[in-house]
Amino acid sequence: MKKHFKLGIIGCGAMAHTILKGVVLSDFLHEKKIIVSDSSEDKLAEVDFLGVRTTSDNRVVAENSEFLLLAIEPHKFDETVKSLNGLKPEKIISVIPDVKKNAIKNAFGISAVKVARCLPNLPCAIGSGAIGIDMSDYNKSTDDTEFISNVFNCLGTILSVDESKMDAVAGLSVNGSAYTFMFIDSLVDAGAKSGLTKNEAKILAIQTILGAAEMAARDEQTLSELIVEASKSGTGVEAVKLLEEKNFRGVISDVVSSCVQRSKELSEK
């Protein structure tokens, strides 16, 4: 049966807003090809300006969409499945944190359903995100993998990974924005304590991070080479030496490992 919509989204929270704005405003997918459901009329009203079809009925979305994107919180997953009244979607895209592909298939009672699991991060909201995606269920269809890739290409850089690596994606990328914001905030505080105004310190800190990231992305030098290059001055040498003495790398490793472990625990529930 031909579907009325190419993409149906259940859930209209922050990530759904981000995806909708990405695909519609980039002209990748016409708004008339998208339908969104949520129990909150206020949330649906927030996407009216995009011209997408909205409804409070999850089943209408699932029944009439070729791809069903689940953008709900983990604790609402079982309730959402029940709301479909036995309907079994064929193609699912999930951005639900901590819910594995097999859990989704088991909930719908059909192993044949195709599930792409995606973990976007916060900067997707401005088109500069990083998204880990497991599309292995769709490997036999280039059209399907291309469509899913293009949905998230609108939001930033995608990395195809096996689902077994998704906990690592959560620890490094999904939560990495928080670590970066904390680092910037710490630089701003340090700059202010050293005589700069907060605004001056913020400008310098942010541009330093942006510039360093751009240089790293060019791959013209290894990260180790860039560290040496950036710390050639006497002050730089002392700074890097102190970071090593304070176990800066170890702290970052512990933080990421902690998030990875927590992600594993949550996805096993």
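Reading the values: rules and limits
- Residues numbered from 1 in each chain as written.
- Predicted model: local features only at pLDDT ≥ 70, side-chain atom pairs only at ≥ 80, totals over all residues.
- Heavy atoms only, no water.
- Helix = DSSP H or I, 4+ residues; strand = E, 2+ residues; numbered from the N terminus.
- Buried < 20%, exposed > 50% of the residue type's maximum accessible area, 1.4 Å probe, protein only.
- Areas by Shrake-Rupley, 256 points an atom, 1.4 Å probe, with all protein chains shown as cover.
- Contact = heavy atoms within 4.5 Å.
- Core = buried A, V, L, I, M, F, W, Y, C linked by side-chain atoms within 4.5 Å.
- Phe/Tyr/Trp six-rings, centres within 6.5 Å; stacked < 30°, edge-to-face > 60°.
- Lys NZ or Arg CZ within 6 Å of the ring centre and 35° of its normal.
- Salt bridge = Lys/Arg side-chain N within 4 Å of Asp/Glu carboxyl O.
- Expected span 1.5 Å × (residues − 1).
- Pairing = 2+ DSSP bridges.
- Axes fitted to C-alpha atoms, helices over the stretch in contact; angles between N-to-C directions.
- Polar contact = N/O pair within 3.5 Å; in protein donor to acceptor, adjacent residues only side chain to side chain.

Undergrad: Can you explain the overall build of the chain? Please cite residues and give values.
TA: The helix and strand tally for the chain stands at twelve helices and eight strands. With the principal axes as the frame, the chain shows a C-alpha extent of 70 × 35 × 35 Å. Relative to its full complement of 269 residues, the chain shows a buried share of 38%. Taken as a whole, the chain presents about 15,500 Å² of accessible surface, with 54% of it coming from carbon and sulfur.

Undergrad: Quick rundown of the side chain of Ser 149? Include the residues and the values.
TA: By the secondary structure assignment, Ser 149 is in helix α6 (residues 142–153). By relative accessible area, which is 14% here, Ser 149 ends up buried. Among residues more than four places away in sequence, those in contact with Ser 149 are Met 135 and Ile 158.

Undergrad: So what's going on with the nonpolar core? Which residues, and what values?
TA: Counting residues in hydrophobic clusters, the biggest one holds 32 residues, and the most contacted among them are Ile 9, Ile 19, Ile 148 and Phe 152. When residues of this core are traced back to their parent elements, those giving at least two are β1 (5–10), α1 (14–25), β2 (34–37), β4 (65–70), β6 (114–120), β7 (129–134) and α6. Looking at this core, the element that brings in the most residues is α1, giving five residues. Not counting chain neighbours up to four residues away, the residues in contact with Ile 9 comprise Ala 16, Ile 19, Leu 20, Ile 35, Val 36, Ser 37, Val 61, Leu 69 and Ala 71. Counting residues in hydrophobic clusters, the runner-up holds 19 residues, among them Leu 84, Leu 87, Ile 92 and Val 113.

Undergrad: Explain helix α7 (residues 166–174) to me, using residue names and the numbers behind them.
TA: Along α7, the residues that are buried comprise Met 166, Asp 167, Val 169, Ala 170, Gly 171 and Ser 173. Each element contacted by the buried residues of α7 is listed here: β6, β7, α8 (176–193) and α12 (248–267).

Undergrad: Could you give an account of the packing of aromatic side chains, naming the residues involved and the relevant values?
TA: Applying the stated criterion across every chain, the model contains four aromatic pairs. Centre to centre, the rings of Phe 67 and Phe 147 are 4.6 Å apart; their planes meet at 25 degrees, and the pair counts as stacked. Of this pair, Phe 67 sits in strand β4 while Phe 147 sits in helix α6, placing them 80 residues apart in sequence. Here Phe 67 matches Phe 147 in class, with each residue buried. Ring geometry for Phe 183 and Phe 248: centres 6.5 Å apart, planes at 50 degrees, overall tilted. Residue Phe 183 is found in helix α8, and its partner Phe 248 is found in helix α12; the two are separated by 65 residues along the sequence. You can call Phe 248 partly exposed: its relative accessible area is 38%. The ring of Phe 147 is capped by Lys 6, whose NZ or CZ atom sits 5.1 Å from the centre of that ring.

Undergrad: An account of the pattern of salt bridges is needed here, citing residue identities and associated values.
TA: The tally for this structure, following the rule as stated, stands at 14 salt bridges. One salt bridge in this structure joins Glu 244 and Arg 249, with 3.3 Å as the shortest N-O distance. Under the relative-accessibility criterion, Glu 244 is labelled partly exposed at 43%. Looking at Arg 249, the relative accessible area reads 54%, which means it is exposed. Taken together, the shared-partner salt bridges in this structure form one network comprising Lys 6, Glu 66, Lys 91 and Asp 144.

Undergrad: Just give me the short version of helix α11 (residues 234–245), but keep the residues and values in it.
TA: Look at α11: 17 Å from first C-alpha to last across twelve residues, which is about the 16 Å you get at 1.5 Å a residue. Positioned one or two residues after α11, Asn 247 has a phi angle of 60 degrees, which is positive.

Undergrad: Can you explain the sheet that holds strand β5 (residues 91–94)? Please cite residues and give values.
TA: Ordered in space as β3-β2-β1-β4-β5-β6-β7-β8, the eight strands form an open sheet in which the pairing is mixed. The open sheet has two edge strands, β3 (53–55) and β8 (156–160), and neither has a second partner. Averaged over all pairs of adjacent strands, the angle between their axes in this sheet comes to 20 degrees, without regard to strand direction. Pairing of β7 with β8, which is carried by five bridges, proceeds in the parallel orientation.

Undergrad: Quick rundown of the environment of Ser 173? Include the residues and the values.
TA: With respect to the helices and strands, Ser 173 occurs in helix α7. On the basis of relative accessible area, Ser 173 is assigned to the buried category, the value being 17%. The spacing of Ser 173 and Ile 131 is 42 residues in sequence and 7.9 Å in space, taken between C-alpha atoms. Not counting the four nearest positions on each side in its chain, Ser 173 is found in contact with Asn 121, Ala 130 and Ala 168. Among the polar contacts listed, one links the side chain of Ser 173 to the side chain of Asn 121, at a separation of 3.4 Å.

Undergrad: Help me get a handle on unusual backbone geometry, residues and values and all.
TA: Excluding glycine, residues mostly carry a negative phi; peptide bonds, for their part, are mostly trans. Even without a glycine there, the phi angle at Asn 85 is positive, about 50 degrees. When you line up the elements, Asn 85 lands in the loop between α4 (77–83) and β5. The phi dihedral of Asn 247 falls on the positive side, at around 60 degrees, and the residue is not glycine. The residue Asn 247 is located in the loop between α11 and α12 in this model.

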